[in-house]
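Coordinate inspection notes
Okay, here's what each chain looks like letter by letter:
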Amino acid sequence: SAVSAEQPNATLIAWTPGVPRATVPGLSGLGFDRTCSSAAWWDGRAAWFFDEYASLHAVAPPLSSPEPSFQDRLVHRLSPDADIPVAYRLALSIGAATGAGLFVPMGFEYASARPFDAISGTPDDMEAARAEAPVDLSADIAAAIRTVEMEAEPCLIRPLVSPESPVTTWLRSPAADIREA
């Protein structure tokens, strides 16, 4: 792409959550280095996630995010009696286990309920999030990033159990054919 030619060290990311699956193949060959999965919206069971992952992986390895965005905060999607640190660590673990990298929205490390404007957010907004934090996940995020960085090759993931199973289990493999992994 023209951007890659002009900026060879740039990483081009296609923000793909919500993109109709039928249009995803049209992104192939456009020069994207990464796509973005819908892991932040996944319930940990539904089969659509694995289908989406395979579709995105055919374009470029998918990043995962533990939270939908700067505006749509995870804390607002939890039940009122949820254990916030546990829920946030679970979301982070799913992101790290399924992604070829992590996209962590500003404020996630503090389980912030504040919507951040990606354009007009300021350091004061971040300080307010830190002051209001019910938890500090900075060390957990650093550990998750190290885990993702250990993966030498982007991986494919496949479910090993049905969505009705009492546990969620998947296989992560650097080869399309597990016999070649």
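Everything quoted here is computed from the prediction, not taken from an experiment.

**Regarding the overall build of the chain**
Counting its secondary structure elements, the chain contains five helices and five strands. Ordered by position from the N terminus, the helices and strands of the chain form the series α-β-β-α-β-α-α-α-β-β. Scaling as 2.2 N^0.38, a compact globule of 181 residues should have a C-alpha radius of gyration of about 16 Å, and the chain matches this with 17 Å. Along the first, second and third principal axes, the C-alpha set of the chain runs to 50 × 50 × 30 Å. By the burial criterion, 37% of the 181 residues in the chain qualify as buried. Excluding contacts between residues fewer than 6 apart, the proportion of contacts in the chain whose partners are at least 24 apart in sequence is 59%. When the accessible surface of the chain is totalled, it reaches about 9900 Å², and 58% of it is carbon and sulfur. Put simply, the chain has 12 plus and 23 minus side-chain charges, and the middle of one group is 5 Å from the middle of the other.

**Topic: the packing of aromatic side chains**
The full count for this structure, using the stated rule, is nine aromatic pairs. Between Trp48 and Phe49, the aromatic rings sit 6.0 Å apart at their centres with planes inclined by 80 degrees, giving edge-to-face as the arrangement. Looking at Trp48, the relative accessible area reads 33%, which means it is partly exposed. Three or more aromatic residues link up through ring pairs in this structure, and these residues are Trp42, Trp48, Phe49, Phe50, Tyr53 and Trp170.

**Section: the nonpolar core**
Counting residues in hydrophobic clusters, the biggest one holds 14 residues, and the most contacted among them are Tyr88, Leu92, Leu102, Phe108 and Leu137. Mapped onto this core, the elements with two or more residues apiece are helix 3 (84–98) and helix 5 (138–149). The contacts of Tyr88, once residues within four sequence positions are left out, are Glu67, Leu74, Val75, Leu78, Phe108, Ala111, Ser112 and Leu137. Core analysis: the second largest hydrophobic core is formed by eight residues, Ala39, Ala46, Phe49 and Ile157 among them.

**Remarks on the layout of surface pockets**
In this structure, the largest pocket encloses a volume near 390 Å³. Taken together, 18 residues make up the lining of the largest pocket; nearest its centre are Trp42, Leu74, Leu90, Ala91 and Ile94. Among the elements that take part in the lining of the largest pocket, helix 3 stands out by supplying five residues, more than any other. Its residues assigned to classes, the lining of the largest pocket comprises 12 nonpolar, four polar and two charged.

Reading the values: the criteria
Residues numbered from 1 in each chain as written. Predicted model: local features only at pLDDT ≥ 70, side-chain atom pairs only at ≥ 80, totals over all residues. Heavy atoms only, no water. Helix = DSSP H or I, 4+ residues; strand = E, 2+ residues; numbered from the N terminus. Rg over C-alpha atoms; globule rule 2.2 N^0.38 Å. Buried < 20%, exposed > 50% of the residue type's maximum accessible area, 1.4 Å probe, protein only. Contact = heavy atoms within 4.5 Å. Areas by Shrake-Rupley, 256 points an atom, 1.4 Å probe, with all protein chains shown as cover. Lys, Arg positive; Asp, Glu negative; His and termini not counted. Charge placed at Lys NZ, Arg CZ, Asp CG, Glu CD. Phe/Tyr/Trp six-rings, centres within 6.5 Å; stacked < 30°, edge-to-face > 60°. Core = buried A, V, L, I, M, F, W, Y, C linked by side-chain atoms within 4.5 Å. 1 Å grid on protein atoms, 1.4 Å probe; cavity = no way out; pocket = protein on both sides within 12 Å on 5 of 7 lines; lining within 4 Å. Points joined across faces, edges and corners; volume = space filled by probe spheres on them. Nonpolar A, V, L, I, M, F, W, Y, C, P; charged D, E, K, R; others polar.

None of the figures reported here should be taken as evidence of function without further support.
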